[in-house]
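Report on the structure
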Amino acid sequence: MNHESTTTGQKHPQCYSSQLKPFYHGATSRYTSPSSGKCKRLVVQSVNPSSTSDWNERNVRSNAPLSTRLAYWLTRMIFTPSSETFLWVFVWLLYIIALLLPSRGHPFTIHYKPYLRRFVGQLWAARSPREYSLRARAGEDDARVRHVTHALYPRILVVFDGNTRSWERVNVEAVARRRPYVAVSYRYADVIKFGSEEAIIERVRHATLNQGFDAYWLDLECLLEDKSQDLFRMSDVYRLASFTLIILTDESVWSDWGSRVWTLPEALLSRELRYMAGNNAVTPISLIQIASLAYRHHDKESQIIHSYGLGKDPLERLARNLQLKEAIWRRQSFSSQITSQGGDSQGRYRAEKSYKRLHACLWRTDNDRIADRMISMFPKDKSAINQWYTNEDEYGAKLWDIEPAVQVIGITSNGSLVLDGCRVAAIRWKNFPSVAFATRRSIRRLLALAAPYVALFFFVTSCTMISVGNQEASASADIYGSSSGTSPLVAGGGVILAFSLILLILSPVLTCYAHSGRVVLACPWLIGVKGVISAQEASDHLYGHQMGDSRRTLYTPSGSPLSKPRESDSPFREGHVLQYEAALAAPPFDPIEGHMFTLVDTISGTIYYFRAHRPPTVCLFTGSEGGQGRFVLASEECSRSELRRETVLRMPTFISAHMHTCDWVALGGKPQD
């Protein structure tokens, strides 16, 4: 995206809404309002508010019904009097007023609050051939150039003209699409041994004609000055070649050829392999033979080649793809020992960033959806939390254990992956909302709920009866000159008044009882708190205090790295309270892992503790694993319309059905300084 600064020079670059409306704001953490889609300053409720954080912190605040909160205070004062008991009458009057006032709660809905922003920038690379991308072109002042990033054919081929008996470079698209050709793999060190580039070119041309072909692709001749487009389609060059020709100075340099970074994927991508050593004839060779010749001292590379050569099942293939990625990254350490002249493949790729190298190598043939799966991984190295390219999971899962629920459709110039098909929910941070919920109803609770209103009715009725009785008695005294005793209306009204007052005094207790019990249904909300609160505190903030020991919010048994399950001491699968005690005892801030946060989910009634550097405002469902969903919690970087992964939680998969599907989102990449 392009960014602009305000004229004052004191504002951040502008960000854009999904309708491309610009917003200007200061240097504070932001979030997207789930009701308006506007970019707003982030307000975070905190157990211990700080005035020096990047976001505005305030005390934890509950929006449970006022009558319920007052009823609990009055009930507590009845059973456990304290120095505040003298306020009881005043609070009781306020409680009565709260009962009479209409409640202003949120209506019941079946979905979490939506995320109303989408990625509005341009793609650096796209999965679909119909999508366009912007690529930085070297040597042109980093000007961005539009072009199709997917191309299943080389841009240049060297073709033999039978009429003129000469070789020429052909860049006609139709010719490049239809012409069978030979792809060449070599070491640039062999170019030096052969004496010159012309010498190896001559060998390639002779071998190409000798094998019955009249076209070849050799990077020495076919890479244009602008190499960016050729680098992206490098895997296609070797995949679509009729065969790959390996050029060696002699049979003893197989290990040297295998030490190059990209000879391994070149070999794996090729339909067929042949080699020519020195002046010997061109000879076919299999992947298994290459493993014994070029990689006899590299066990993992040999395993990869044997797997591809013998044809393994999809699970085995996925594991080998991961080994291939690791082998490529590991072998980059050898690149400093190889010449960086333009002809060598390592020289071609050295300028590429790691995420772009992986993208170019695996994405095009990613039938195993490696990138889609990596989104759900929680890196063990917390300093690399924003990297999506990892296969070391904090929860101990393997990449093939994850069933992806999203598709990676592109990559941004900042290194973020653009996702499609995400189910997303907004996380509320400013306070605990007023949550619509239902408890298990019973006749006793219904009567307790109605009792205060019945008492008010009796109170008004008794006052009316006493007033009418007194008026009748007064009128009778005026007529007959003497009182005839206590009026039956006054006597009855007095009895009813006494009953109603007793009932009103006990109403706080009845209100607490009526709103107690197990929550069977609650409006979907994700609520965040900076710091640590217990499950009971979360329940009190959400639903108000209750009478009894019904557990309305539970600890997660396996949802975060800080979770602890109850084991042999319980017949049920549930989280242990020890995780709360451990989180409470832990330092509130860790330089590597960040601050301690609490997340409360009302649908599953579960509480999670996790660490993050910024409060995550968005929860994305990205996949499932081991009977649980993988949910990526991300903060927003609105100036780039991207999300930054803060942590990954294992939450019940069914809650994803209560999330709205959103438009494209960009996740990962390098955070803005």
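The structure we're discussing is the one just above.
For the structure given in this document, a descriptive report is provided here. Keep in mind that this is a model prediction, so the values were computed, not measured.

Time to look at the overall build of the chain. In terms of regular secondary structure, the chain is built from 20 helices and 32 strands. Looking at the chain as a whole, 52% of its 673 residues qualify as buried. Put simply, of all contacts in the chain between residues at least 6 apart along the chain, 67% involve residues at least 24 apart. Working note: accessible area of the chain is about 31,000 Å², and carbon and sulfur atoms make up 54% of it.

Before going further, it helps to examine the side chain of Ser46. Mapping Ser46 onto the fold places it in strand β5 (residues 43-46). For Ser46, a relative accessible area of 2% gives the class buried.

Attention now moves to the pattern of salt bridges. Taken as a whole and judged by the stated rule, the model has 16 salt bridges. Glu625 is paired through a salt bridge with Arg650; the nearest N and O atoms lie 3.0 Å apart. Highlighted residues: Glu625 in strand β28 (residues 618-625) and Arg650 in strand β30 (residues 642-651), separated in sequence by 25 residues. Per residue, the accessibility class of Glu625 equals that of Arg650, and both read buried. The partner of Arg644 in a salt bridge is Glu642, and the shortest N-O contact between them spans 2.6 Å. In terms of burial, Arg644 and Glu642 fall into one category: buried.

Right, let's talk about the pairing of strand β10 (residues 157-161) for a bit. On any regular strand, side chains alternate: one points to one face of the sheet, the next to the other face. The buried fraction of β10 is high, at four of five residues. Both β10 and strand β11 (residues 166-170) contribute to a ladder of five bridges, which runs antiparallel. Residue pairing across strands places Leu157 opposite Val170, the latter belonging to β11. Hairpin connection, β10 to β11: the antiparallel pair is bridged by four residues, and Arg165 has positive phi, about 55 degrees. The pairing of β10 with strand β13 (residues 215-217) spans two bridges and is classified as antiparallel.

Another point: the packing of aromatic side chains. For the coordinates displayed, the defined rule picks out 17 aromatic pairs. Ring plane angle 55 degrees and centroid distance 5.9 Å describe the contact between Phe458 and Phe499, whose orientation is recorded as tilted. With Phe458 in helix α17 (residues 443-480) and Phe499 in helix α18 (residues 488-514), this pair connects stretches of sequence that are 41 residues apart. Residue Phe458 is classed as partly exposed on the basis of its relative accessible area of 28%. Site record: aromatic cluster; members linked through ring pairs are Phe160, Trp167 and Tyr216. Looking at Arg274, its charged tip hangs above the ring of Phe243, at a distance of 4.0 Å from the centre. If you follow Arg445 out to its NZ or CZ, it ends over the ring of Tyr513, 5.3 Å from the centre.

About the cut-offs
- Residues numbered from 1 in each chain as written.
- Predicted model: local features only at pLDDT ≥ 70, side-chain atom pairs only at ≥ 80, totals over all residues.
- Heavy atoms only, no water.
- Helix = DSSP H or I, 4+ residues; strand = E, 2+ residues; numbered from the N terminus.
- Buried < 20%, exposed > 50% of the residue type's maximum accessible area, 1.4 Å probe, protein only.
- Contact = heavy atoms within 4.5 Å.
- Areas by Shrake-Rupley, 256 points an atom, 1.4 Å probe, with all protein chains shown as cover.
- Salt bridge = Lys/Arg side-chain N within 4 Å of Asp/Glu carboxyl O.
- Pairing = 2+ DSSP bridges.
- Phe/Tyr/Trp six-rings, centres within 6.5 Å; stacked < 30°, edge-to-face > 60°.
- Lys NZ or Arg CZ within 6 Å of the ring centre and 35° of its normal.

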